[in-house]
Amino acid sequence: MADSDGEYVEDLSDDDLHQGSAVDSTYGTRSKDRKRTRDGKPKRNAATWETFKQTWGEILGADTADGTLPLAERIEAEKRRRLRRDTDAVQRGIIRHLMLVLDMSSAMADKDMIGPNAYRLTLNYAIEFVQVYFAQNPISQLGILGLRDGLAITISRMGGNAEEHIEKLKKYRDDYDPQGNPSLQNALEMCRGSLYDTPSHGTREVLIIYGALFTIDPRDINDTINDLVADRIRVTVIGLSAEVHICAELCRRTNGGMSGNYHVALHEQHFHELFLAATTPPVTRTKEQDNPSLLMMGFPSRKLAEKGTLVMCGCHAQPCREIYACTRCNTSVCRLPIECPSCRLTLVQSTHLARSYHHIFPLKNWVDVSWAEAAAAGSVACYSCMAPFPPVPKDKAKIGGGGGGRKEGSEATATDGKRPTAAGTKTSAQPKGITVSESSRYACQVCRNHFCIDCDLYAHEVVHNCPGCQSNAVVVREQDGVNGGGGQHHTNGNGSNGDAQAMEID
C-alpha cells in the first residue's frame, strides 16, 4: 500500500499522533518529521483563510491605509477619462434623424449578459439616452422600434418630443416582458421606410441595441444592407452578449468600410458609455452633404390665450393655454422645436441652435497645471466655483519644476506625445491619454484661468463654454507677454473673439 500524503497526518488528533510516534509505521515516520512546539505538541499549519493576502491593500498603498487619497485620484482619473475626445472642428450634421432599435426578444432575459436583467437595464438606459439626445440635439428627430416575436414593433414614431418617447418606453418597461425571437432584417426595413422621407440636409442614422446571437429573417439580409447603403443610412450596433458577424458586416458596409461603429459591451458602465456616445452627431463624409444649402426656419414667440379661454394646438389637437404661432401660416403649436403640421416649416428657438452649435466648434480640452505653474499663478481657488485648491508644497514651489503637471503612478497617464501645459497658449497635438493634474488644477488654453476637475467636467459636458473666456477675464503674465497690449482676446468654446456675447444655454 502506498504511503499517505502529509494532509492525512495534519488531520489527525494529538492522541493519534502520540500513538503513531510509538509505532514504527509509515504514519509514525511522517509524524516524527513534523515540527513541534516547546510543550512537545506538533505545530499546526496555518489554514488557507489565515494566510489570505489582502490584495486591496496593495492597490490602495501602504502609506495610506484608509485609502482616501488613492480613491480620490482614481475618481479624478475617471472624470478625466470621460473628457477624452477629439476637439478638432469638423463638419457634423446637427439636424439628425435617428431610429433607435431595442432588442426585446427572449434573449434579453438571459442573466449571463449585462446585469441580472438586461431588458430593464436597456430600457432604463434608453430613457436616459432620450433625455441626453434631445438636450444635445434639440433640433433633431428620434423614433424607437422594438424587436420581439420575430417582428419589428413601433414603440414611438419619428418626432422631436422627448416626453412622448419616454412615456412609451416606461410603458414597455413596466408592462411587458421580453419574448420571441428577433428579426434584424424586419427592423432595418422599418427604419428604412421611416427615414425615406427625411430631408437631405439631415443625417439618417440607426442605432441598434442587440442582445441575441442570431436573427430570424424572412429573406436575404444582404439585399436590405445594399438598400441601406443606397439610401445613405448609417447603422451603429451595440452588442450585449458577443460579436455577431452579420452585425459587424452591417456596420462596416453602411459606414463606408469603417469598422468603428460596432461595439460589444463588457459591463454595465461600458454599456452606458457606449449608449450615450451616440448622442454626438457623426462626421459628414458624403459629397452630397458637403454642399452648403439654406434651410428655412421660423422663430415664433410664445403667446398666452385670453383669460378663460383655451386654444387647440394643431400638432396634437389638445387644448392648451400657452401656444406658439407659426411665422408663415399662423398655425398654433404647443411646444418647440417642431415641424409645422400645416406648412412643414421648421419652428425652433434661438437657444436650440445655440445648443447644437457646440458640436461644430467643441470646447478645447483643458491642460494640467504643475506645482510650479500653480505657485507662479498664485491660484488658491477654482475660478468658476471658488472651491479651494490644495496648497502648493514648499519643496515644489520652484519655478521650472513640477514635472509637467502629471501624477506619477496614476491610471490615466499620457503616452509619448507631448502634453501642453498652462505656461503658454501655443499647444502641441492632443495626447493619446488624459493625465491627472498633480496640483488638482486645470487651465484653459486661451484664458489660462485655473479650474477644478468638477468644473472641467461641467464645462465640457453641459455648458460647452469656458467661464473664464466668456467673462473676458484673460490672465496676463509678464514672463511671456501673451494676450497683452490691447490685442484681440480669443475665447474657448464659441470660436469668436472676446467682443461676442456668450451663447444662451437653455
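For clarity, every value in this text was computed on a predicted model and none was experimentally measured. (Residues numbered from 1 in each chain as written. Predicted model: local features only at pLDDT ≥ 70, side-chain atom pairs only at ≥ 80, totals over all residues. Heavy atoms only, no water.)

A. Structural context of the nonpolar core. In terms of nonpolar packing, the biggest core is built from 33 residues, with Leu 100, Leu 102, Leu 169, Leu 207, Ile 209, Phe 271 and Phe 275 touching the most fellow members. Of all the elements in the fold, those that place two or more residues in this core are strand E1 (96-103), helix H6 (118-136), strand E2 (141-148), helix H7 (162-175), strand E4 (203-210) and helix H11 (268-277). Broken down by element, this core gets its largest block of residues, 11 residues, from H6. Aside from chain neighbours lying at most four places away, what touches Leu 100 is Ala 126, Phe 129, Leu 142, Gly 143, Ile 144, Leu 145, Leu 207, Ile 209 and Phe 275. Of all hydrophobic cores here, the second largest spans 27 residues; its members include Leu 147, Cys 191, Leu 195 and Tyr 262. (Core = buried A, V, L, I, M, F, W, Y, C linked by side-chain atoms within 4.5 Å. Buried < 20%, exposed > 50% of the residue type's maximum accessible area, 1.4 Å probe, protein only. Helix = DSSP H or I, 4+ residues; strand = E, 2+ residues; numbered from the N terminus. Contact = heavy atoms within 4.5 Å.)

B. Representation of the packing of H6 against H7. For the pair H6 and H7, interaxial distance at closest approach is 10 Å and the crossing angle is 175°. Overall, the two elements H6 and H7 adopt an arrangement that is roughly antiparallel. Residues Tyr 119, Arg 120, Leu 123, Asn 124, Ala 126, Ile 127, Val 130, Gln 131 and Phe 134 of H6 form the contact with H7, whose own contacting residues are Ala 162, His 165, Ile 166, Leu 169, Lys 170, Tyr 172 and Arg 173. Grouping the constituent residues of the contact of H6 with H7 by class yields 10 nonpolar, three polar and three charged. (Axes fitted to C-alpha atoms, helices over the stretch in contact; angles between N-to-C directions. Parallel < 35°, antiparallel > 145°, perpendicular 65-115°, else oblique. Nonpolar A, V, L, I, M, F, W, Y, C, P; charged D, E, K, R; others polar.)

C. Up close: the side chain of His 272. Tracing the sequence through the fold places His 272 in helix H11. The contact partners of His 272, leaving out residues within four places of it in the chain, are Tyr 125 and Glu 128.

D. Local environment of a nonpolar patch on the surface. A contiguous nonpolar patch, built from Leu 213, Phe 214 and Ile 216 and spanning about 280 Å² of accessible area, is present on the exposed surface. In this fold, Phe 214 is placed in the loop between E4 and helix H9 (221-230). Among the residues examined, Phe 214 registers a relative accessible area of 36% and is labelled partly exposed. (Patch = residues over 30% accessible without salt bridge, like charges linked within 9 Å, V, L, I, M, F, W, Y side chains within 5 Å. Areas by Shrake-Rupley, 256 points an atom, 1.4 Å probe, with all protein chains shown as cover. Salt bridge = Lys/Arg side-chain N within 4 Å of Asp/Glu carboxyl O.)

E. View of the sheet that holds strand E14 (residues 346-347). Spatially, E7-E14-E13 is the arrangement adopted by the three strands of the open sheet, whose pairing is mixed. Both outer strands of the open sheet, strand E7 (297-298) and strand E13 (338-339), are each paired with one neighbouring strand and no more. Relative to E14, E13 is paired through two bridges, and the arrangement is antiparallel. If you follow Glu 339 over to E14, its bridge partner there is Thr 346. (Pairing = 2+ DSSP bridges.)

F. A look at the packing of H6 against H11. Where H6 contacts H11, the two axes come as close as 10 Å, and the packing angle between them is 35°. Considering the relative orientation of H6 and H11, their crossing is right-handed. On H11, the residues touching Leu 121, Thr 122, Tyr 125, Ala 126, Glu 128, Phe 129 and Val 132 of H6 are Glu 268, Phe 271, His 272, Phe 275 and Leu 276. Its residues placed into classes, the contact of H6 with H11 shows eight nonpolar, two polar and two charged. (Left-handed = near helix turned anticlockwise from the far one by under 90°.)

G. Just the confidence of the model for the protein chain, in detail. Scored by pLDDT, the protein chain comes out at a mean of 75, with 66% of its residues at no less than 70. Within the model, pLDDT remains below 50 along residues 4-12, and this stretch shows 12 contacts once partners closer than five positions in the same chain are excluded. A low-confidence stretch, residues 16-32 stays under pLDDT 50, and its non-local contacts, those more than four residues away or across chains, total 22 contacts. (pLDDT = per-residue confidence, 0-100.)

H. Examining the pairing of strand E11 (residues 322-325) more closely. The pairing of strand E8 (residues 302-304) with E11 spans three bridges and is antiparallel. Among the inter-strand pairings, Arg 302 is bridged to a residue of E11, identified as Tyr 324. Of the pairings in the sheet, the one linking E11 to strand E12 (residues 332-333) comprises two bridges and is antiparallel in character. By the bridge assignment, Tyr 324 is partnered in E12 with Val 333.

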